[in-house]
Amino acid sequence: MLHITMIGSGAIGVGVLELLENDPQLCVDAVIVPEASQELVRQRLAGFRKAPAVLTALPAEARPDLLVECAGHRAIEQHVLPALARGIPCLVVSVGALSEPGLVERLEAAAELGGTRIELLPGAIGGIDALSAAKVGGLESVLYTGRKPARAWLGTPGEQVCDLEHLGEATVIFEGSAREAARLYPKNANVAATLSLAGLGLDRTLVRLIADPHSHENVHQVEASGAFGGFELTLRGKPLAANPKTSALTVYSVVRALGNHAHAISI
Ligand SMILES: NC(=O)C1=CN([C@@H]2O[C@H](COP(=O)(O)OP(=O)(O)OC[C@H]3O[C@@H](n4cnc5c(N)ncnc54)[C@H](O)[C@@H]3O)[C@@H](O)[C@H]2O)C=CC1
Ligand SMILES: O=C([O-])CC(=O)C(=O)O
């Protein structure tokens, strides 16, 4: 039985807890959320058969087998870095946070200090295995296109490009490097950052973001070419009802990764 502590308990976290409730090999003993969310999270988890403890930080004596982050960029700084330094292996979904200059190096240093590892989860995107294998032989180009319902871009600089509430047709709201995409669209930067880290890096991975009033899905497209040949991927992700900016596949990606740590065969 693997004992897990989870950081965050929002759309992804609760989805993961629901799917793990009946897994005899995995147990989420505790969730860590900010003080201000404690009451809401306790209410959310009240219906669970084995409700995890709700904490604000990892206790000094705690030694979970795994720490899984499903919380947000600040949680990496607050919880993941110190846990790595204490030797606790961490799984991370807020991969967009790693676009911040120096954070990858700090995570590597903390993991080295603790003699442990950090695993970046594919989340809402697929094909990361192929892309990172292709990198070994040499990649020439990677283009990522992210298409979401127009309203999913509210509260982003996309608001200055077009009238998102009254959009008639699909509109490109951003074209540039993954680094620039992460700076301007930090809450939508996870897929672009994951593709960059697996492939050509933040400066050479090209990103195009589209607001589409006719779309009800988060559509992720990747075109890559290199010494291996080429691949094109279209992933039409269904949004989670609890947070339409997040694709349901992200929840399944966390459950898969945790299962791979617990089960005899990993795939
Ligand atoms: N890699 C990928 O493909 C994807 C990654 N994500 C990322 O996953 C994260 C979670 O997404 P959702 O569950 O949809 O968000 P959400 O907003 O529904 O839930 C976030 C949860 O984290 C907690 N939280 C916030 N700041 C925290 C902190 N500093 N320490 C501990 N807990 C904290 C909140 O109280 C809440 O329980 C976000 O950072 C999002 O960007 C989301 C979708 C895809
Ligand atoms: O589709 C999703 O779940 C989220 C997404 O685009 C991102 O964070 O890059």
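Residues numbered from 1 in each chain as written. Chains lettered and ligands numbered in written order. Predicted model: local features only at pLDDT ≥ 70, side-chain atom pairs only at ≥ 80, totals over all residues. Heavy atoms only, no water.

Undergrad: What should I look at first to understand a nonpolar patch on the surface in this one?
TA: Taken together, the side chains of Leu19, Leu249 and Tyr252 make up a nonpolar region of the molecular surface, amounting to roughly 280 Å² of accessible area. Looking at the element boundaries, Tyr252 is found in helix H9 (residues 248-262). When its relative accessible area of 49% is taken as the criterion, Tyr252 is described as partly exposed. (Patch = residues over 30% accessible without salt bridge, like charges linked within 9 Å, V, L, I, M, F, W, Y side chains within 5 Å. Areas by Shrake-Rupley, 256 points an atom, 1.4 Å probe, with all protein chains shown as cover. Salt bridge = Lys/Arg side-chain N within 4 Å of Asp/Glu carboxyl O. Helix = DSSP H or I, 4+ residues; strand = E, 2+ residues; numbered from the N terminus. Buried < 20%, exposed > 50% of the residue type's maximum accessible area, 1.4 Å probe, protein only.)

Undergrad: Where do I start with the nonpolar core in this structure?
TA: With 30 residues, the main nonpolar core has Leu131, Leu195, Val207 and Leu209 as its most contacted residues. Elements that contribute at least two residues to this core include exactly helix H5 (128-137), strand E7 (139-149), strand E8 (171-177), helix H7 (178-184), helix H8 (190-198), strand E9 (205-212) and strand E10 (218-226). In terms of residue count, H8 provides more of this core than any other element does, four residues in total. Counting residues in hydrophobic clusters, the runner-up holds 29 residues, among them Met6, Val16, Val54 and Ala248. (Core = buried A, V, L, I, M, F, W, Y, C linked by side-chain atoms within 4.5 Å.)

Undergrad: Explain the UniProt feature "binding site: NAD(+)" (unreviewed entry) in the protein chain here, please?
TA: When the UniProt feature table is mapped onto this chain numbering, "binding site: NAD(+)" (unreviewed entry) sits at Ala124 and Asn190. Across 67 residues in sequence, these annotated residues keep their C-alpha atoms within 8.3 Å of one another, forming a single compact spot. On the secondary structure map, Ala124 appears in the loop between strand E6 (118-120) and H5. Here Ala124 falls in the buried class, since its relative accessible area comes to 12%. (UniProt positions renumbered as here; feature names shortened; annotations may be inferred.)

Undergrad: Mind showing me how you'd approach the site of ligand 2 here?
TA: If you check the shell around ligand 2, you find 13 residues, and the closest are Lys148, Asn190, Val191, His220 and Ser247. Here Lys148 contributes a side-chain N or O atom positioned 2.8 Å from an oxygen atom of ligand 2. The separation between an oxygen atom of ligand 2 and a polar side-chain atom of Asn190 is 2.9 Å. Protein burial of ligand 2: of its 260 Å² of free accessible surface, 95% is covered by the chains. For the shell around ligand 2, the elements supplying multiple residues, two or more each, are H8, E10 and strand E13 (243-247). By residue number, the principal contributor to the shell around ligand 2 is E13, which donates three residues. Residue composition of the shell around ligand 2, by class: three nonpolar, seven polar and three charged. (Near = heavy atom within 4 Å. Polar contact = N/O pair within 3.5 Å; in protein donor to acceptor, adjacent residues only side chain to side chain. Nonpolar A, V, L, I, M, F, W, Y, C, P; charged D, E, K, R; others polar.)

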